[in-house]
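Here are the chains, one letter per residue:
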Amino acid sequence: MTSRRVPLRPAIDALPAYVPGGRAPVGAAAFKLSSNENPYPPLASVQAAIIDAASDVNRYPDMFATELTEAIATELTATLSDAARDGDGDIGPDQVVVGNGSVAVLGHVVEAVVDAGDEVVFPWRSFEAYPIVVSVAGGTSVQVPLAEHGRIDLDAMAAAVTERTRVVMVCTPNNPTGAAVTHTELMSFLAAVPGDVLVVVDEAYLEFVRCDDPVDGPAALAAHPNVVLLRTFSKAYGLAGLRVGYAVARPRVAAGIRAASTPFGVSHVAQRAALASLRAKDELLRRVDSIVDERTRLVDGLRAQGWDVPDTEANFVWLALGDRTGRFAAEVRTAGVIVRPFAGEGVRVSVGEREATDLFLRFTAGWR
Ligand code: PMP
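Not measured: the values here are computed from a predicted model.

**Q** Before we move on, could you go through helix H3 (residues 66–78) and cite the residues and values that matter?
**A** Between the first and last C-alpha of H3 there are 18 Å, a value that for 13 residues agrees with the 18 Å anticipated at 1.5 Å per step. Among the residues of H3, Leu 68, Thr 69, Ile 72 and Leu 76 are the ones counted as buried. Down the axis of H3, the smallest arc covering the buried residues is 100°, so these residues share one side. Opposite the buried face of H3, at more than 90 degrees from it, the exposed residues are Thr 66 and Ala 78. Buried positions along H3 lie against strand E2 (96–99), helix H9 (217–223), strand E8 (245–248) and helix H11 (268–279).

Written out as structure tokens, the structure reads:
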């Protein structure tokens with residue numbers, strides 16, 4: 001037998017590794033502020049739903065997550081603004097596609113519309129999964145540099161759209177810089193982008209936004225059939241470990257995303273937990289308020305120490321440390337805080353427990 005090797009697709013071979021924050025070492029006295037997770041454990045009602053669902057896992061889950069999809073559609077419809085209502089009316093279950101975390105849903109969105117050689121435009125630096133899902137689908141990434149203060153440069157993004165562009169991603173708030181676009185900015189951008197280019201508005205951190213004129217995703221979707229909203233239960237709803245995310249789109253686009261999706265992609269346990277979380281929405285959003293308060297304390301504390309911190313609308317802050325990034329990440333880890341370094345660029349620090357903020361600020365006060 002000759003020693004032959006299975007060839008990998010060049011696009012796969014060339015992929016950068018996705019570097020997750022990982023789980024904090026068991027037993028270590030460390031705060032894990034590296035994955036933008038929710039510091040609160042699941043509510044008792046959510047834990048009860050998880051335990052209850054466990055007795056059914058010998059069966060496949062509901063393939064279409066019917067109850068969850070309907071609950072999401074009902075929730076979206078109940079909270080529609082007048083601007084969204086003026087458009088296409090209610091949001092039906094045929095417009096919602098759930099998947100194994102919003103990162104998987106994003107992959108299905110891209111697979112549904114991108115053919116080999118098609119271009120996908122996105123801001124950079126942004127969510128590190130973007131270039132990966134594009135390469136896996138056989139597409140070509142077109143990265144548009146951020147503007148000042150980690151803000152997405154929507155004008156440059158619109159200018160980057162060509163005949164080959166099939167998808168544009170707008171990450172707002174942007175991971176890892178935290179800057180959000182306003183609704184007015186998004187609507188002008190959508191007016192400038194051709195209607196046959198899918199615009200994915202990645203709203204993973206939507207619930208943490210407190211700026212004036214926040215993006216109204218359903219209103220954007222009502223006005224522009226080429227919009228897809230991407231949302232998740234991982235952040236504000238605190239279910240990162242169970243992997244539930246979803247897309248909201250016009251029915252035809254949603255059907256395409258569903259067709260590209262992994263069958264039974266969301267487990268029964270995850271479906272029940274997400275449903276229980278929707279039922280406990282008010283309580284969970286009060287926790288989000290606390291996280292936002294903690295964010296203010298962290299940003300104000302850092303600025304008072306002289307750090308240059310861009311405005312953030314997410315559950316994390318960005319420190320553009322340049323070539324001091326590696327040293328900072330290593331030293332703060334020794335002090336008991338795990339942050340997410342982006343080599344040569346900066347660190348992203350999630351907003352966590354009060355004690356984590358205290359410890360982090362004690363560290364930054366003395367670091368140069
Ligand atoms: N979008 C953005 C901008 C993110 O930061 C993340 C998680 N880091 C995701 C999507 C994916 O989240 P999940 O797959 O847990 O829903």
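**Q** Tell me about the domain arrangement of the chain, and please be specific about residues and values.
**A** Here the chain is described as being made up of domain 1 (19–36 + 282–366) and domain 2 (44–279). A straight line from the C-alpha centre of domain 1 to that of domain 2 covers 25 Å. Contributing elements (two or more residues each) for the side of domain 1 that touches domain 2: helix H12 (281–304), strand E9 (316–319) and strand E11 (340–342). The element best represented in the side of domain 1 that touches domain 2 is H12, accounting for five residues.

**Q** Can you break down the site of the ligand residue by residue, with the values?
**A** Taken together, the neighbourhood of the ligand is formed by 13 residues, with Gly 101, Ser 102, Val 103, Thr 232 and Ser 234 sitting nearest. Along the lines of polarity and charge, the residues of the shell around the ligand split into five nonpolar, seven polar and one charged.

**Q** Residues and numbers for the sheet that holds strand E12 (residues 346–350), please.
**A** Reading across the sheet, the three strands line up as E9-E12-E11 and stay open at both edges, with antiparallel pairing between neighbours. The sheet is open, and its two borders are formed by E9 and E11, each paired with just one other strand. For this sheet, the mean angle separating the axes of adjacent strands, direction not counted, is 20°. Pairing geometry for E11 and E12, over three bridges, is antiparallel. Note that in E12 the partner of Phe 342 across the bridge is Gly 346.

**Q** Talk me through the UniProt feature "modified residue: N6-(pyridoxal phosphate)lysine" (unreviewed entry) in the chain; I want residue IDs and the actual numbers.
**A** Residues given the UniProt feature "modified residue: N6-(pyridoxal phosphate)lysine" (unreviewed entry) here are Lys 235. For Lys 235, a count of 27 C-beta atoms within 10 Å gives the class buried. In contact with Lys 235, other than residues within four places in its own chain, are Asn 36, Asn 38, Ala 204, Tyr 205 and Asn 315.

**Q** Help me get a handle on the sheet that holds E2, residues and values and all.
**A** Judged by pairing direction, the sheet is mixed, and its seven strands sit side by side in the order E2-E8-E7-E6-E5-E3-E4 without closing on themselves. Among the strands making up the open sheet, the edge pair consists of E2 and strand E4 (140–145). Strand after strand, the sheet turns through a mean of 20° between neighbouring axes, direction not considered. Note that strand E6 (residues 198–202) and strand E7 (residues 227–232) share four bridges and pair parallel. Its bridge partner lying in E7, Val 200 is registered against Val 228.

**Q** So what about the packing of helix H5 (residues 102–113) against helix H6 (residues 129–136)? Which residues, and what values?
**A** Closest axis-to-axis distance for the H5/H6 pair is 9 Å, and the angle between their directions is 40°. Taken together, the axes of H5 and H6 lie oblique to each other. As H5 runs across H6, the sense of the crossing is right-handed. Listed contacts from H6 to Val 103, Leu 106, Gly 107 and Val 110 of H5 are Ala 129, Val 133, Val 134 and Val 136. Of the residues contributing to the contact of H5 with H6, the split by class is seven nonpolar, one polar and no charged.

Thresholds applied
- Residues numbered from 1 in each chain as written.
- Predicted model: local features only at pLDDT ≥ 70, side-chain atom pairs only at ≥ 80, totals over all residues.
- Helix = DSSP H or I, 4+ residues; strand = E, 2+ residues; numbered from the N terminus.
- Expected span 1.5 Å × (residues − 1).
- Buried ≥ 20, exposed ≤ 12 C-beta atoms within 10 Å, placed from the backbone.
- Arc of directions from axis to C-beta.
- Contact = placed C-beta atoms within 7 Å.
- Domains from an automatic or database assignment.
- Near = placed C-beta within 6 Å.
- Nonpolar A, V, L, I, M, F, W, Y, C, P; charged D, E, K, R; others polar.
- Pairing = 2+ DSSP bridges.
- Axes fitted to C-alpha atoms, helices over the stretch in contact; angles between N-to-C directions.
- UniProt positions renumbered as here; feature names shortened; annotations may be inferred.
- Parallel < 35°, antiparallel > 145°, perpendicular 65-115°, else oblique.
- Left-handed = near helix turned anticlockwise from the far one by under 90°.

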